[in-house]
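Structural overview
The lines below spell out each chain.
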Amino acid sequence: MISKGKRLLRIAFVLPALAFWAAGAGAQDEWRDNLPYLIYTPRYFGPNAFPLPELREGRLRGRAEAEVRGEYQACKGDRTKDVYARVYLPVAGGKAAVEAYMVMYEYYNMTAEVVAERHAWAQSWPSGAHGDVVVSALYQVVESAEWADVTAEAALKTASGNRLVDARYTDAAAYWFDLSAGRTVYSSPGGGSWLRLMAMAGFYCWMTNDLVHRQNDALAWGAGLSGRAGAVGFEASLRGFYGYENTGDRPVQLGLRMDYSRGLNALSLRYRRGLKDALYDSFSAAYIRYF
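Scope of this entry: the structure provided in the associated data block. Quick caveat: nothing in here was measured; it's all calculated off a predicted structure.

1. Regarding the overall build of the protein chain
Check the secondary structure of the protein chain and you find two helices and twelve strands. Going residue by residue from the N terminus, the α and β elements of the protein chain occur as α-β-β-β-α-β-β-β-β-β-β-β-β-β. Relative to its full complement of 291 residues, the protein chain shows a buried share of 43%. For the protein chain, the share of sequence-separated contacts (at least 6 apart) that also reach a separation of at least 24 residues comes to 58%. Of the roughly 15,000 Å² of accessible surface on the protein chain, a fraction of 65% belongs to carbon and sulfur atoms.

2. Some words on the nonpolar core
Counting residues in each nonpolar core, the largest one holds 33 residues, and the members touching the most others are Tyr40, Phe45, Phe50, Tyr204, Trp206 and Phe241. For Trp206, the contacting residues outside a window of four places in its chain are Tyr40, Phe50, Ala173, Ala174, Arg214, Gln215, Asn216, Ala218, Phe241 and Asp249.

3. Observations concerning the sheet that holds strand S7 (residues 193-207)
One closed barrel accounts for twelve strands, arranged S1-S2-S3-S4-S5-S6-S7-S8-S9-S10-S11-S12; its pairing is antiparallel. Within the sheet, the average angular offset between the axes of one strand and its neighbour, ignoring direction, is 20°. Across 14 bridges, the pairing between strand S2 (residues 78-91) and strand S3 (residues 96-110) is antiparallel. Residue pairing in the sheet places Val87 in a bridge with Ala100 of S3.

4. Quick look at the environment of Ala112
Within the secondary structure, Ala112 is located in helix H2 (residues 112-118). Ala112 sits in the partly exposed class, given a relative accessible area of 44%. With eleven residues separating them along the chain, Ala112 and Gln123 place their C-alpha atoms 6.5 Å apart.

5. A word on the pairing of strand S5 (residues 149-157)
Bridge count for strand S4 (residues 133-142) against S5 is eight bridges, and the pairing is antiparallel. When the sheet's bridge partners are listed, Ser136 is paired in S5 with Ala155. Between S4 and S5, which pair antiparallel in sequence order, lie six residues. Inspection of the sheet shows S5 paired to strand S6 (residues 174-187) by nine bridges, in the antiparallel sense. Along S6, the bridge assignment pairs Ala154 with Phe177.

6. Focus: the pattern of salt bridges
Enumeration over the complete set of coordinates arrives at 24 salt bridges. The salt bridge partner of Arg118 is Asp78, with a shortest N-O separation of 3.7 Å. Of this pair, Arg118 sits in helix H2 while Asp78 sits in strand S2; the two residues are 40 residues apart in sequence, bridging distant segments of the chain. This pair shows no difference in class: Arg118 is buried, exactly as Asp78 is.

7. Digging into the environment of Gly274
Mapped onto the fold, Gly274 is located in strand S11 (residues 265-276). A relative accessible area of 11% means that Gly274 is categorised as buried. Note: C-alpha distance between Gly274 and Pro47 (227 residues apart in sequence) is 9.7 Å.

8. Details of empty space enclosed by the protein
Counted under the stated rule, the structure contains one cavity of 30 Å³ or more. Here the largest cavity is characterised by a volume of approximately 30 Å³. Here the residues of the lining of the largest cavity sort into seven nonpolar, one polar and one charged.

9. Focus on unusual backbone geometry
A positive phi angle is found at Ala92, which is not glycine, with a value near 55°. Although it is not a glycine, Asp171 adopts a positive phi angle of roughly 55°. Structurally, Asp171 can be placed in the loop between S5 and S6.

10. Points about a nonpolar patch on the surface
Residues Leu219, Trp221, Leu238, Tyr242, Leu254 and Leu275 make up a contiguous nonpolar surface patch of roughly 510 Å² in combined accessible area. Put simply, the parts of the chain that give the nonpolar patch at least two residues each are strand S8 (215-229) and strand S9 (232-243). Its place among the elements puts Leu275 in strand S11.

11. Topic: the pairing of S2
Across eleven bridges, strand S1 (residues 65-75) lies against S2 in antiparallel orientation. Looking at S2, one finds that Glu71 is bridged to Asp82. A loop of two residues connects S1 with S2, the two strands running antiparallel in sequence, and Gly77 in this loop sits at a positive phi of about 95°. The loop that links S2 with its antiparallel partner S3 comprises four residues; one of these, Ala92, has a positive phi angle of about 55°.

Thresholds, definitions, all that
- Residues numbered from 1 in each chain as written.
- Predicted model: local features only at pLDDT ≥ 70, side-chain atom pairs only at ≥ 80, totals over all residues.
- Heavy atoms only, no water.
- Helix = DSSP H or I, 4+ residues; strand = E, 2+ residues; numbered from the N terminus.
- Buried < 20%, exposed > 50% of the residue type's maximum accessible area, 1.4 Å probe, protein only.
- Contact = heavy atoms within 4.5 Å.
- Areas by Shrake-Rupley, 256 points an atom, 1.4 Å probe, with all protein chains shown as cover.
- Core = buried A, V, L, I, M, F, W, Y, C linked by side-chain atoms within 4.5 Å.
- Pairing = 2+ DSSP bridges.
- Axes fitted to C-alpha atoms, helices over the stretch in contact; angles between N-to-C directions.
- Salt bridge = Lys/Arg side-chain N within 4 Å of Asp/Glu carboxyl O.
- 1 Å grid on protein atoms, 1.4 Å probe; cavity = no way out; pocket = protein on both sides within 12 Å on 5 of 7 lines; lining within 4 Å.
- Points joined across faces, edges and corners; volume = space filled by probe spheres on them.
- Nonpolar A, V, L, I, M, F, W, Y, C, P; charged D, E, K, R; others polar.
- Patch = residues over 30% accessible without salt bridge, like charges linked within 9 Å, V, L, I, M, F, W, Y side chains within 5 Å.

The quantities given are spatial measurements derived from coordinates; they are silent on function.
The following block contains the structure:
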């Protein structure tokens with residue numbers, strides 16, 4: 001037999017729990033009413049929701065790499081910190097490669113104004129978020145010192161990222177195809193120093209929540225300059241994509257990177273300036289291990 005006192009004690013614990021669950025369920029249902037108003041473009045999502053295709057210099061690297069990068073990304077009304085991991089594996093004697101990367105952990109803190117603008121739910125989340133997995137297949141199409149080197153990329157972004165509720169990740173797939181070309185314009189006699197021009201063009205597509213336009217298509221583009229002087233390498237680039245809906249889907253990003261290599265280890269510093277629909281400025285530091 002359960003005593004009256006124990007019954008009252010159980011009720012005292014159960015009733016608040018039920019009330020909390022009901023309030024949470026009601027809040028979640030209330031947020032679902034916002035789903036049609038989410039705008040699936042870089043301007044209205046977190047900084048990692050729409051990764052831009054990388055410039056590849058027109059040539060593939062011949063050794064495997066593993067990278068861990070810490071990033072701080074900020075725009076007016078949002079401060080984001082994340083940890084990014086990447087693996088690069090050459091195959092077929094360096095004529096092809098597979099690359100995979102994702103944001104392992106993302107902590108964010110948005111203002112109430114940004115939450116309202118994006119039709120999100122919360123300004124932050126105690127356990128943070130994790131990002132989508134991006135897998136790229138790369139192939140060396142042309143190798144020509146006289147003209148240019150050309151690589152092809154086919155990439156898929158999964159829908160594995162979470163916190164759609166806070167407009168951090170889209171919970172929708174995306175893919176892109178691009179060609180990257182590069183030409184060496186200067187090389188020292190020993191090959192220890194060089195300067196290289198780069199360009200990229202392709203097609204970028206992602207799924208949306210629009211019942212009329214179920215996907216958005218964009219032209220991806222990029223151009224830049226890379227080089228090396230002994231153990232120090234650098235890159236300056238401008239890249240983005242141009243969506244056809246013009247609803248915040250035309251991001252542009254200026255990037256500056258410098259790295260220092262010693263043996264099988266490298267340290268990398270990177271700054272990325274967001275322009276147009278890319279709102280965030282990004283500062284990062286990485287450790288890269290070669291194999």
